[in-house]
Amino acid sequence: RVSMKPQVVFVLGGPGAGKGTQCTKIVETYGYTHLSAGDLLRAERCREGSADGQLIDSYIKEGKIVPVEITINLLRKAMEETMQADEGKCRFLIDGFPRNQDNLQGWAAVMDGKADVRFVLFFNCSNQVCVERCLERGKSSGRTDDNRESLEKRIQTYLQSTTPIIQLYEQQGKLRTVDASRSVEEVFADVKNLLDRES
Ligand code: UP5
Ligand code: MG
């Protein structure tokens, strides 16, 4: 039997830029599977018997980036499970990854030759808007990092570690930038145009 190589779109942008919201909408219209690295880490943190729960917990609260060995295993497993359940499912949105040089190296070590990174969807949004959205969500999200203190650290990490990764993809001609400061529907209209052009 012939199995397809996973076709991956990385989805990047600051905390609260709208990555998850837009990925959900993409899934409704296009044949992608959405994998949020943050969601996978949060689920692993709560999984009974997880060896990494405490580490993940403290990294997320501190807005720090979890060592890639943990994240890449969760992503690889999720991709494998999706493709085993449905052989036609080989298009993935990987949301919130890669966030730093360590993530990039971990991906290369495990996935080079096994998956194609088609392009990077970048949700561009000011830090101020990002923080406001997360604080608003924090009223009901129950996320341990939707508070001012954690958000300051998340923004710092984003600026220091993730911005250089985004610049790298821009230099490679792989970055597709969307202005994410507008309404959900306006942003999605641009996303659709972009995806229609890419496929
Ligand atoms: N909202 C969305 N779009 C809007 C719009 N256009 N106008 C107005 N409001 C809008 O949206 C955030 C909020 O804004 C929601 O309330 C939404 O309704 C509203 P969402 O779509 O959730 O934004 P998203 O970009 O997904 O925000 P998120 O908080 O998930 O981004 P982060 O990148 O901060 O979080 P993530 O879950 O990816 O990571 C969390 C932590 O996990 C990291 O800080 C890190 O510690 C760890 N992590 C790793 O270590 N490694 C990884 O690879 C990934 C994560
Ligand atoms: Mg998210």
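Before reading further, recall that the structure is shown in the block above.
Residues numbered from 1 in each chain as written. Chains lettered and ligands numbered in written order. Predicted model: local features only at pLDDT ≥ 70, side-chain atom pairs only at ≥ 80, totals over all residues.

Attention shifts here to the packing of helix α2 (residues 37-46) against helix α3 (residues 53-61). Where α2 contacts α3, the two axes come as close as 8 Å, and the packing angle between them is 135°. By the angle between their axes, α2 is oblique relative to α3. In this structure, α2 meets α3 at a crossing whose hand is left-handed. Where α2 abuts α3, its residues L41, E44 and R45 lie against G53, I56, D57 and I60. (Axes fitted to C-alpha atoms, helices over the stretch in contact; angles between N-to-C directions. Helix = DSSP H or I, 4+ residues; strand = E, 2+ residues; numbered from the N terminus. Parallel < 35°, antiparallel > 145°, perpendicular 65-115°, else oblique. Left-handed = near helix turned anticlockwise from the far one by under 90°. Contact = placed C-beta atoms within 7 Å.)

A word on the nonpolar core. Among the nonpolar cores identified, the biggest contains 40 residues, and F10, V11, L41, L75, L93, I94 and V178 are the most heavily contacted of them. Examining the composition of this core, we find that six residues originate from one element, helix α4 (residues 68-85), more than from any other. (Core = buried A, V, L, I, M, F, W, Y, C linked by C-beta atoms within 7 Å. Buried ≥ 20, exposed ≤ 12 C-beta atoms within 10 Å, placed from the backbone.)

This paragraph deals with helix α5 (residues 101-111). Listed as buried for α5 are N103, G106 and W107. The arc that holds every buried residue of α5, seen down its axis, measures 100°, which confines them to one face. Opposite the buried face of α5, by more than 90 degrees, sit the exposed residues A108 and A109. On the buried face of α5, the contacting elements are α4. (Arc of directions from axis to C-beta.)

A word on the site of ligand 1. For ligand 1, the set of nearby residues contains 31 residues, the closest of which are P15, G18, T21, G38 and G96. Of all elements in the fold, only α1 (19-29), α2, α3, α6 (127-141) and α8 (184-198) reach the threshold of two or more residues within the shell around ligand 1. Classifying every residue of the shell around ligand 1 by side-chain character gives 12 nonpolar, 12 polar and seven charged. (Near = placed C-beta within 6 Å. Nonpolar A, V, L, I, M, F, W, Y, C, P; charged D, E, K, R; others polar.)

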